[in-house]
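Chain by chain, the residues:
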Amino acid sequence: MNPSTAPVTQPRRVERLITGQLTRDGAGVKLTRVLTHDLQQRLDPFLMLDHFGSDDPKDYGAGFPDHPHRGFETVTYMIAGRMRHKDSAGHEGLLQNGGVQWMTAGRGLVHSEMPEQEEGVMEGFQLWLNLPGKDKLCAPWYRDIQSADIPEFQTAEGVTVRVIAGDSVGPQGPVAGSMRRPASAWPTDPLYLDLHFHAGTASFSQHLAADHNAFIYVYRGTVEVVDTQGSATHVPQHRMAILANEGDGVTLRASAAARALLIAGRPLREPIAQYGPFVMNTRHELMQAVEDFQAGRFV
């Protein structure tokens with residue numbers, strides 16, 4: 001994504017607001033599934049967004065024991081607590097406050113994500129990002145990014161911007177996210193920003209490619225999406241706003257402290273065939289994934 005320093009002149013409007021579904025996953029971790037299966041085509045290349053958060057160990061203590069993945073990427077962003085990751089390729093890391101784990105499952109991994117705490121708050125997000133068919137059987141890839149390594153800047157309009165992936169524009173010009181790979185290796189060109197609106201009136205604008213699908217998820221306070229006519233749509237806490245595919249970007253504002261994720265990416269426009277933790281293009285490929293996993297052919 002090539003950011004422009006010119007102002008956003010045609011900000012996108014909100015197409016619809018989404019309320020997430022309360023559920024449990026892993027060994028009983030309580031979470032809200034924000035981006036659900038029925039939205040995968042509309043928000044292509046994104047497959048799922050989960051928000052987990054609790055100060056009760058009974059809600060998260062059992063974690064996510066060994067489970068497989070094939071055909072997509074997982075992005076885990078911790079904002080409170082500690083989670084240890086181990087996988088069958090020999091990778092291991094500890095996610096802590098503000099850190100990100102980016103894992104490309106590719107042709108197949110078995111991994112676990114287990115809380116490394118017995119009390120206190122654990123909160124974070126997991127985003128599933130699809131891979132194109134030609135890359136679904138690529139070699140698995142993994143990276144832990146500590147909080148201090150995530151680019152961050154403060155705007156004159158009262159917003160702290162954490163650039164997890166993609167590019168944004170700060171006071172000194174374009175700011176590149178922690179995850180930078182050649183476009184040929186990353187055809188979805190994802191943008192992932194964590195926006196912290198400070199007390200008082202704060203605003204933020206971000207350019208978006210016209211063909212990229214985009215949404216915001218508010219996890220603290222209330223954020224307004226301002227459209228071309230100057231009208232504002234209020235997005236309350238724990239709601240996702242799907243942004244219409246029109247205009248040259250998005251403009252957000254908040255009159256009180258708030259926090260939100262802004263996520264966008266280039267759609268793959270390929271068939272999606274999913275069976276739990278396997279995401280392929282066809283039913284035949286799914287059957288092969290299950291067979292390979294059962295035969296121990298994952299890394």
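It should be noted that the structure appears before, not after, this text.
Residues numbered from 1 in each chain as written. Predicted model: local features only at pLDDT ≥ 70, side-chain atom pairs only at ≥ 80, totals over all residues. Heavy atoms only, no water.

A look at the pattern of salt bridges
In a structure, side chains of opposite charge can pair up when their charged atoms sit close to one another. Going through the model one piece at a time under the given rule, you end up with 16 salt bridges. A salt bridge links Arg70 to Asp292; its shortest N-O distance comes to 3.1 Å. Taken together, the residues span a long stretch of sequence, with Arg70 in the loop between β5 (64-69) and β6 (72-80) and Asp292 in helix α2 (residues 283-294) at a distance of 222 residues. With relative accessibility at 6%, the residue Arg70 sits in the buried group. Here Asp292 falls in the buried class, since its relative accessible area comes to 8%. One salt bridge connects Arg220 with Glu123, and the closest N-O pair in it is separated by 2.8 Å. Of this pair, Arg220 sits in strand β19 (residues 213-220) while Glu123 sits in strand β11 (residues 122-130), and the two are 97 residues apart along the sequence. A single salt-bridge network, built from bridges that share partners, covers Arg70, Glu291, Asp292 and Arg297. (Salt bridge = Lys/Arg side-chain N within 4 Å of Asp/Glu carboxyl O. Helix = DSSP H or I, 4+ residues; strand = E, 2+ residues; numbered from the N terminus. Buried < 20%, exposed > 50% of the residue type's maximum accessible area, 1.4 Å probe, protein only.)

As for the side chain of Asp227
Looking at the element boundaries, Asp227 is found in the loop between β20 (223-226) and β21 (232-235). Although Asp227 lies buried, it forms no salt bridge, and the closest oppositely charged side chain, Arg13, sits 6.9 Å away as judged by the N-O distance. Sequence-distant contacts of Asp227, defined by excluding residues within four places in its chain, comprise Pro11, Arg12 and Arg13. (Lys, Arg positive; Asp, Glu negative; His and termini not counted. Contact = heavy atoms within 4.5 Å.)

Side note on the sheet that holds β11
Read from one edge of the open sheet, 7 strands run β2-β3-β4-β11-β6-β9-β12, paired in antiparallel fashion. At either end of the open sheet lies a strand with only one pairing partner, and these are β2 (21-25) and β12 (141-145). Ignoring strand direction, the axes of neighbouring strands in this sheet form an average angle of 20°. As judged from the 5 bridges shared by β2 and strand β3 (residues 29-35), these two strands associate in the antiparallel manner. If you follow Asp25 over to β3, its bridge partner there is Val29. (Pairing = 2+ DSSP bridges. Axes fitted to C-alpha atoms, helices over the stretch in contact; angles between N-to-C directions.)

What to know about the side chain of Gln206
Along the chain, Gln206 falls in strand β18 (residues 202-207). In this structure Gln206 comes out as buried when scored by relative accessible area, which is 4%. Engagement of the side chain of Gln206 in a polar contact is seen with the backbone oxygen of Asp167, the distance being 3.1 Å. (Polar contact = N/O pair within 3.5 Å; in protein donor to acceptor, adjacent residues only side chain to side chain.)

Re the packing of aromatic side chains
Under the defined criterion, the tally for this structure stands at 9 aromatic pairs. Taken together, a centroid distance of 4.4 Å and an interplanar angle of 35° make the contact between Phe72 and Trp128 tilted. Of this pair, Phe72 sits in strand β6 while Trp128 sits in strand β11, and the two are 56 residues apart along the sequence. Summarising the burial analysis for this pair, Phe72 and Trp128 share the class buried. Here the aromatic residues Tyr77, Phe125, Tyr192, Tyr217 and Tyr219 are joined through ring pairs into a cluster of three or more. (Phe/Tyr/Trp six-rings, centres within 6.5 Å; stacked < 30°, edge-to-face > 60°.)

Section: α2
Taking 1.5 Å as the rise per residue, α2 with 12 residues should run 16 Å; its terminal C-alpha atoms sit 17 Å apart, in good agreement. If you check which residues of α2 are buried, you get Leu286, Ala289 and Asp292. One side of α2 holds all its buried residues, which, seen down the axis, span an arc of 125°. For α2, exposure combined with an orientation more than 90 degrees from the buried face picks out Arg283, His284, Met287 and Gln294. Tucked into the core, α2 has its buried residues touching β25 (273-275) and β26 (278-280). Of the residues one or two after α2, Gly296 is the one with positive phi, at around 75°. (Expected span 1.5 Å × (residues − 1). Arc of directions from axis to C-beta.)

Honestly, that's just the spatial picture; any functional story needs more than this.
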